[in-house]
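# Coordinate analysis (summary)
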Amino acid sequence: MIGKVKIGKSFGGICTYVFGEDKGAEVLATEGVRDTSAAHMAADFNAQRELNPNLGKAVMHVALAWPAEEKALLSNERMEEIARAYLKAMKVDPEGTQWALVRHQDQAHPHAHLIVNRVDNQGATVSDQHNYRNSLEACRKLEKQYGLVSAQEVSQDNRRAVREQLPERAAAKLYVQDALSRHLPHVASPEELTAAMQRDGIGVQATYQKEKLQAVVFEYEGHHLKGSELGRAYSGNNLAKTIEAQQEQVQQQRADVGAAGQQYGQHRMELELEAFGREYAAQKEQAEKAEKQVQERTKLEQTPKPPQPRIERSGGYGIE
């Protein structure tokens with residue numbers, strides 16, 4: 001399952017797109033908006049956004065997609081159920097703001113478009129922080145929850161199969177491109193990107209000018225590939241710009257993960273201390289009980305016993 005999130009300004013534009021006649025569009029579910037036409041739906045979304053007119057980008061658009069292998073299992077009802085679960089996983093209340101789910105039939109794989117109003121029913125803003133990471137985590141969670149095929153595994157298998165059919169240099173080029181697309185969004189410096197690529201068996205020769213990355217050459221299985229040969233986005237200069245632009249976001253994500261880990265560790269320690277406290281209290285109570293029993297036995301042993309009555313017997317067997 002894949003959920004690509006985009007934040008935008010125009011409800012009219014996205015509603016017109018999802019209702020496109022060439023898409024085989026089918027509205028599966030709505031909350032707070034009409035499903036009769038693109039114009040009606042956009043008007044309803046825009047009416048609510050007036051509750052928070054200062055929020056320029058009020059549109060959350062999520063393209064939900066599943067591997068073609070899932071098509072027979074993904075009925076409209078099932079897709080709606082998963083979409084509602086996705087909203088909750090993204091911390092969006094399905095009953096607290098407007099949204100619409102529209103399925104398209106123009107591709108071999110099942111997919112739908114989820115439009116969400118970032119101005120909720122109370123006029124508050126629906127957060128768009130860490131959308132990429134949150135969507136990725138939500139998709140992995142829902143794959144397990146609903147027994148779905150992992151889109152990530154399918155994609156990797158398909159790419160591997162494609163590489164096997166290509167000439168060596170083209171296959172090496174595709175392998176390096178895949179590695180760059182995986183690692184680039186998660187690094188905060190060219191050095192981190194180099195280390196990540198090296199873990200995938202890819203050598204990196206970087207040229208710097210005034211401590212800024214200018215050119216880069218990747219080496220894999222004897223093939224040397226310039227960054228610009230892999231794509232304009234992977235030239236040394238453009239890689240430097242991308243990494244610089246995302247540094248703050250990557251560092252914030254790491255801080256969030258670190259804080260979550262620290263909170264988890266603290267919570268775990270508290271639980272362990274609590275468990276230790278309960279065990280210590282139980283052992284102490286048991287020891288005190290045992291000591292009390294010993295004291296009671298000792299006291300009984302030390303208490304003098306009363307003299308037994310003495311019975312005198314006659315010496316003969318008859319009566320005198």
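That block above? That's the structure.
All values reported here derive from a predicted model rather than from experimental measurement.

A volume near 310 Å³ is recorded for the second largest pocket. The wall of the second largest pocket is formed by 14 residues, among which Ala89, Met90, Lys91, Gln129 and Asn134 lie closest to the centre. When residues of the lining of the second largest pocket are assigned to their parent elements, the largest contribution, 6 residues, is made by helix α4 (residues 131-145). When grouped by side-chain class, the residues that make up the lining of the second largest pocket number 4 nonpolar, 5 polar and 5 charged.

Let's shift gears to helix α6 (residues 168-183). One turn of the α-helix equals 3.6 residues, which is why residues spaced by three or four share an orientation. An ideal rise of 1.5 Å per residue puts 22 Å on 16 residues; α6 measures up with 23 Å between its terminal C-alpha atoms. Listed as buried for α6 are Ala171, Ala172, Leu174, Tyr175, Val176, Gln177, Asp178, Ala179, Leu180 and His183.

Ranked by size, the top nonpolar core spans 27 residues in total, and within it Met1, Leu64, Trp66, Ile82, Tyr86, Leu101 and Leu114 carry the most contacts. Counting residues per element, the ones that place at least two in this core are β2 (26-31), β3 (59-65), α3 (76-89), β4 (99-104), β5 (111-117) and α4. If you tally residues by element for this core, the top one is α3, at 6 residues. Leaving out residues up to four positions away in the same chain, Ile82 has contacts with Met1, Trp66, Leu74, Leu142, Tyr146 and Leu148. Grouped together as the second largest cluster of nonpolar side chains are 21 residues, Ala179, Leu180, Val204 and Leu213 included.

Take the packing of α6 against helix α7 (residues 190-199) next. The geometry of α6 relative to α7 is characterised by a closest axis approach of 10 Å and an angle of 130° between their N-to-C directions. Relative to α7, the element α6 lies oblique. Between α6 and α7 the crossing geometry is right-handed. Contacts from Val176, Ala179, Leu180 and His183 in α6 reach Leu193, Ala196 and Met197 in α7. Class assignment for the residues of the contact of α6 with α7 results in 6 nonpolar, 1 polar and no charged.

Reading the values: rules and limits
Here, residues in each chain are numbered from 1, in the same order as that chain's written sequence. Where totals are concerned, whole chains, interfaces and linings use all residues; where local detail is concerned, this predicted model gives features only for residues with pLDDT of at least 70, and gives and counts side-chain atom pairs only at 80 or more. Computation of side-chain values covers all heavy atoms of the structure but excludes hydrogens and water. Using a grid of 1 Å spacing that covers the protein atoms alone, one calls a set of points a cavity when a 1.4 Å probe fits there but cannot get out, and a pocket when the set is open and has protein on both sides within 12 Å along at least five of seven lines; lining residues are those with an atom within 4 Å of a point. Grid points are joined across faces, edges and corners, and a volume is the space filled by probe spheres set on the points. Helix and strand assignments follow DSSP, with helices taken as H or I runs no shorter than four residues and strands as E runs no shorter than two, numbered in order from the N terminus. Each residue gets one label: Ala, Val, Leu, Ile, Met, Phe, Trp, Tyr, Cys and Pro are nonpolar, Asp, Glu, Lys and Arg are charged, and the others, such as Gly, are polar. Helices are assigned an expected span. That span is 1.5 Å times one less than the residue count. For each residue, the accessible area found with a 1.4 Å probe, counting protein chains only, is set against the maximum for its type, and the residue is called buried under 20%, exposed over 50%, and partly exposed in between. Nine residue types can take part in a nonpolar core, namely buried Ala, Val, Leu, Ile, Met, Phe, Trp, Tyr and Cys, and a core is a set of them joined through side-chain atoms within 4.5 Å. Note on definitions: a residue-residue contact is assigned when non-hydrogen atoms from the two residues lie within 4.5 Å. Simply put, an axis is a line fit to the C-alpha atoms, just over the touching stretch for a helix, and the angle between two N-to-C directions goes from 0 to 180 degrees. Should an angle lie under 35 degrees it is considered roughly parallel, over 145 roughly antiparallel, and from 65 to 115 roughly perpendicular; all remaining angles are considered oblique. Left-handed is the label given to a crossing in which the near helix is rotated counterclockwise from the far helix by less than a right angle, and right-handed is the label when the rotation is clockwise.

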